[in-house]
Amino acid sequence: MAPIQLTDRLEHVRLRAFTICEQCRHEFVMPEHLLAALLEETKFFRTINSFSNPSTLYNEIFEFLTETESVPMEIDYEPTLSTQFQKLLSDTVKQMNFSEVEAMDIIHVVNSLLDLEDSWASYLLGKSIHNEKAEFMCQLIDAYDDQAAEPQGTTKEEENNTPRWKQLVTCMNDHYTRHNPLIGRDSELKRTIQVLCRR
C-alpha cells in the first residue's frame, strides 16, 4: 500500500495537533487535538465564524482537553494515535479512494470528523455549525478551493454573476428551447402512450 500523501496545509495541521497533544501531556493524539489545530487555520476559522463564535468552540475543546488525564512530567513518552483518531484516518482514506484524489486535504478530514461516532470533537463541531453539515462543507470547500476552474467560454464578469454550481455543470433548462426531443418520434410516443394506458 502506497503511503498517504497529505497536502502542505493538512501536514501543518497534523503537526500542530501533535504539538498540542505534547503540550497537554496527553498519551494519545485525539480528534479534539486535531480540531483545536484546525481552529488555528485561517480559512477553517473564517468558515466556522459564519455559523457561530469560533472562540466558544475553542474554549469548549480546551476545557475538554484540560479535563483529560495527562502523563506525569517525570515520564518520557511519545504520543500515539488514539483509536478514534485511527478511525478518523481510516474513514478519510476510504473517502479519498471513492473520490480518487491524490492527496488528503483538510476538507476530507473535516468531513470524516463530522461523521465520527462517539467523538466529543464531532459533537462540538456539529453543535457549533448547528448540525448544518451540508452547508458548512459547501462553504469549507469554497474556502479551500485553490483551483477555481473557469469553464471555457465564460468571462470574469459572467463568472462573478453566475452561481458556483452553474459554473461546474450544464443546466439543461437553459438549452431546452433550442431542441425539441419529441419531433420525429411519433412511433415511440404512440407506443409509450399505449403502454401507459394498459390496464
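Bear in mind the structure is a predicted one, so any value in this text is a computation, not a measurement.

Before going further, it helps to examine helix α6 (residues 106-115). In terms of burial, α6 is largely enclosed, as 9 of its 10 residues are buried. Every buried residue of α6 is listed here: Ile106, Ile107, His108, Val109, Val110, Asn111, Ser112, Leu113 and Leu114. Contact partners of the buried residues in α6: α1 (8-24), α2 (31-38), α3 (42-49), α5 (83-99), α7 (120-128) and α8 (133-144).

Packing of α2 against helix α4 (residues 54-67) brings their axes to within 10 Å, and their N-to-C directions diverge by 150 degrees. Relative to α4, α2 is oriented so that their crossing is left-handed. Across the interface between the two elements, Glu32, His33, Leu35 and Ala36 from α2 touch Leu57, Tyr58, Ile61, Phe62, Phe64 and Leu65 from α4.

With that out of the way, let us pick up the packing of α2 against α7. Running from N to C, α2 and α7 point in directions that differ by 40 degrees, and their axes come no closer than 8 Å. In this view, α2 runs oblique relative to α7, as classed from their interaxial angle. Touching Pro31, Glu32 and Leu35 of α2 are Trp120, Ala121 and Leu125, all from α7. In terms of residue class, the contact of α2 with α7 is built from 5 nonpolar, no polar and 1 charged.

We now examine unusual backbone geometry. Although it is not a glycine, arginine 25 sits at a positive phi angle of roughly 60 degrees. Tracing the backbone shows arginine 25 in the loop between α1 and β1 (28-29). Residue classification places arginine 25 among the buried positions, given a relative accessible area of 17%. Positive phi values are uncommon outside glycine, yet aspartate 118 reaches one of about 55 degrees. With respect to the helices and strands, the residue aspartate 118 is situated in the loop between α6 and α7.

This part takes up the confidence of the model for the protein. Low-pLDDT portions of the prediction should not be read for the details of their coordinates. Per-residue confidence for the protein gives a mean pLDDT of 83, with 79% of residues at or over 70. Mean pLDDT in the protein bottoms out at helix α9 (residues 156-161), which sits at 56, and peaks at α2, which reaches 95. Across residues 147-155, confidence stays below pLDDT 50; counting only partners more than four residues off in sequence or on other chains, it has 5 contacts.

Each value, and the rule that gives it
- Residues numbered from 1 in each chain as written.
- Predicted model: local features only at pLDDT ≥ 70, side-chain atom pairs only at ≥ 80, totals over all residues.
- Heavy atoms only, no water.
- Buried < 20%, exposed > 50% of the residue type's maximum accessible area, 1.4 Å probe, protein only.
- Helix = DSSP H or I, 4+ residues; strand = E, 2+ residues; numbered from the N terminus.
- Contact = heavy atoms within 4.5 Å.
- Axes fitted to C-alpha atoms, helices over the stretch in contact; angles between N-to-C directions.
- Left-handed = near helix turned anticlockwise from the far one by under 90°.
- Parallel < 35°, antiparallel > 145°, perpendicular 65-115°, else oblique.
- Nonpolar A, V, L, I, M, F, W, Y, C, P; charged D, E, K, R; others polar.
- pLDDT = per-residue confidence, 0-100.

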